[in-house]
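Here is what each chain is made of, one letter per residue.
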Amino acid sequence: MTKSVSLTRQTYTANKKNGFYKDLYQSLFLDLPIGYAFFEIIYDEDNKPYDYKFIGVNSIFEEKTGLKSSELIGKNISVFFECIGNKSTERLMLHAGRAIYRGKQQEFELYNKNMNKWYKIHLKVPDTKFLVTYLIDITKEKLHMLELENARRRMENIIEATDIGTWELNMQTGERIYNERWASLLGYNLEELSPINEYTWRRLVHPDDLQQELAKDALLYNKKIECYDDEYRMKHKDGHWVWIQDKGKVISWSEDGNPLLLSGTHTDITAKRNRQEEVLYLSYRDQLTGFYNRRYLEENLKDIDVQKNLPLSVVLADVNGLKLTNDSFGHSVGDDLLKKATEIIRTCCRSEDKLVRIGGDEFLMIMPNTEPWKAVEVIKNINQKAAKEKVNEVEVSISFGYKTKNKIEESFDDIFKSAEIRMYRQKLYESSCIRNKTIEIIMNTLCAKSNREMLHSRRVGEICEKIALKLGFDEEKTTQCKLAGIMHDIGKMGIDENILNKPNMLSYDEYNEIKRHPEIGYRMLSASNDYSEIADFVLKHHERWDGKGYPGGFKGEETAIQARIIAVAEAFDDMLHGMPYKKSMSVAEAIAELRRCAGTQFDPHIVKIMIGLANEIN
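Undergrad: Whenever I open this one, the nonpolar core confuses me. Can you help?
TA: Nonpolar side chains tend toward joint burial in soluble globular proteins. By size, the foremost hydrophobic cluster in this structure holds 78 residues, and its most contacted members are Ile345, Met365, Ile382 and Leu594. For this core, the element with the most residues is helix H23 (residues 561-577), which contributes nine residues. In contact with Met365, not counting residues within four places along its chain, are Ser313, Val314, Val315, Ile345, Cys349, Lys354, Leu355, Val378, Ile382 and Phe400. With 25 residues, the next largest nonpolar core counts Ile77, Ile100, Tyr119 and Leu135 among its residues.

This is how it looks when you write it as structure tokens:
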């Protein structure tokens, strides 16, 4: 009896103890802040698991999933998936099977579409009958990761859209990470450049740029600068050089102050650099000739006037007859003359010589490491080539002066002035000869443009000669008056020949254009010493006795008698032979018109002489 009681007490104690632990586990199961669910494993006739039935869930599971135990207990697991709007039961079956057969805990993530929540699911099989799962809400972490991923993708899209190559460098491991665009900037893909290391970069950087970039890296590593933003050249797969803008920064440091991780970007700025170089080229170049301009000389002379360039020969060049060519044939022909002259100069000089346009018709040739005899030889070659060239029948002629700097102490300005003085001395002789030839060409060209002008000029010259003789001029003065008569309309070279030959009455603007020819003729002739004296007669041959003429409005004897002679001679010839828009007159009609205008338009004394010669001239 006693023994029986003892056994009973032990059994009671054991049952009580088991009940205590059961209650404890149930309490833990219900109260832990993790969602728990218990499933009964359902086997088929071949003893293979094919489904799982809910036999219990805790309150946290209900809270996190939004489902009540009454909806789940006794139901197959597929109900749970239906309730949360997720159809991925295959994933659960796969992991549950692994947990059963391998006896190892399984993990996977699950999305609750209805509550927009993410869970981490853990599966464990304590024995062959039951499946235990616990669920952790990882929505915040998942959303944060998704946000980071979206931010990363946005950044990648931005980087891709901006065509930027990216790089990262781990200084401890030497690992380098580049995006595909980084390689494509140089015509490669990443696979072609792999393995990418420090020597890959060194091999691609232009040799002239490498050392300065390594120096920048050293400054960065030693915290002398916070970041760098450099431009240098890297070699493209095709062989040409690509300008790269490289921005980099150390983003983490070790405790002892050494760089750990660096990152940066590469951008192809070749087009930008080309535009900059084009702008710089234009800012330093004369647009007409392509020579350097004064700005270039002022900003770069200090780099040219150095010891290593001695002896430094300085040559000044002046294109003869440019002003006369501009006035006579127009600025386009003058520009052609300049371009032809500079083309000849360029072909006779070396690539290291600095060719500068310092004025309208003046050029400077700075020739490093050039002895005086060599400068003379270059000048001789230029003159020989120029002698064979013409622009619109105008000879290409250039006056030169040179001086060589042999000592660094010598002033460049003094050398320049010495060369300039020599050039002007030579120009005094050469330019006069060229101007005289050019004036002859101008007259021939004018006659070629208009047959009427040619005949008119000759007749006016002859009339002027006859009037001069009647006035008692000496031979030299008579010849001068005749020449002025012949050249009185030389300024019409600067007038459109459509206006000169217009058969109808001129418009107001066309008439004003015609009225410019005395001034144009004056500029042409005054440029030549041989014709400078008659330039004033040509300028004033349309002045009137009453002061109402042009261009100066001079009155009476304020105008030289030679100009007054030309005025009468020209008018008489125009009346006798007509003009494009006026019919010719008889001698009697012309004489009557002269008498009418004597004392107003014409000098009365010269009119009287002209009338006396009228029948003789006709």
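Undergrad: In this structure, what is going on with the pattern of salt bridges? I would like to understand it.
TA: When the charged atoms of two side chains lie near each other, side chains of opposite charge can form a pair. Counted under the stated rule, the structure contains 28 salt bridges. Between Asp209 and Arg233 there is a salt bridge, and its shortest N-O distance comes to 2.9 Å. Of this pair, Asp209 sits in helix H10 (residues 207-221) while Arg233 sits in strand S8 (residues 227-235), placing them 24 residues apart in sequence. In this structure, the salt-bridge partner of Lys340 is Glu389, at a minimum N-O distance of 3.8 Å. Taken as a pair, Lys340 in helix H14 (residues 331-348) and Glu389 in the loop between helix H15 (372-386) and strand S14 (390-391) lie far apart in primary sequence, 49 residues in all. The exposure class assigned to Lys340 is partly exposed, which follows from its relative accessible area of 22%. Each of the salt bridges in this network shares a partner with another, and the network as a whole consists of Lys64, Lys117 and Asp137.

Undergrad: Can you help me understand the sheet that holds strand S10 (residues 259-268) in this one?
TA: Strands in a sheet are paired, the pairing made by backbone hydrogen bonds, and the direction either parallel or antiparallel. Spatially, S7-S6-S10-S9-S8 is the arrangement adopted by the five strands of the open sheet, whose pairing is antiparallel. The open sheet is flanked by strand S7 (176-178) and S8, the only strands paired with a single partner. Strand-to-strand twist across the sheet, computed as the mean angle between neighbouring axes with direction ignored, equals 20°. With nine bridges joining them, S8 and strand S9 (residues 241-253) adopt antiparallel strand pairing. Residue pairing across strands places Asp230 opposite Asp246, the latter belonging to S9. Where H10 meets the sheet, it contacts S8, S9 and S10, and its direction lies at approximately 155° from that of S8. Sitting on the sheet, helix H11 (residues 270-284) touches S8, S9 and S10, and the angle it makes with S9 is about 120°.

Calculation notes
Residues numbered from 1 in each chain as written. Predicted model: local features only at pLDDT ≥ 70, side-chain atom pairs only at ≥ 80, totals over all residues. Heavy atoms only, no water. Core = buried A, V, L, I, M, F, W, Y, C linked by side-chain atoms within 4.5 Å. Buried < 20%, exposed > 50% of the residue type's maximum accessible area, 1.4 Å probe, protein only. Helix = DSSP H or I, 4+ residues; strand = E, 2+ residues; numbered from the N terminus. Contact = heavy atoms within 4.5 Å. Salt bridge = Lys/Arg side-chain N within 4 Å of Asp/Glu carboxyl O. Pairing = 2+ DSSP bridges. Axes fitted to C-alpha atoms, helices over the stretch in contact; angles between N-to-C directions.

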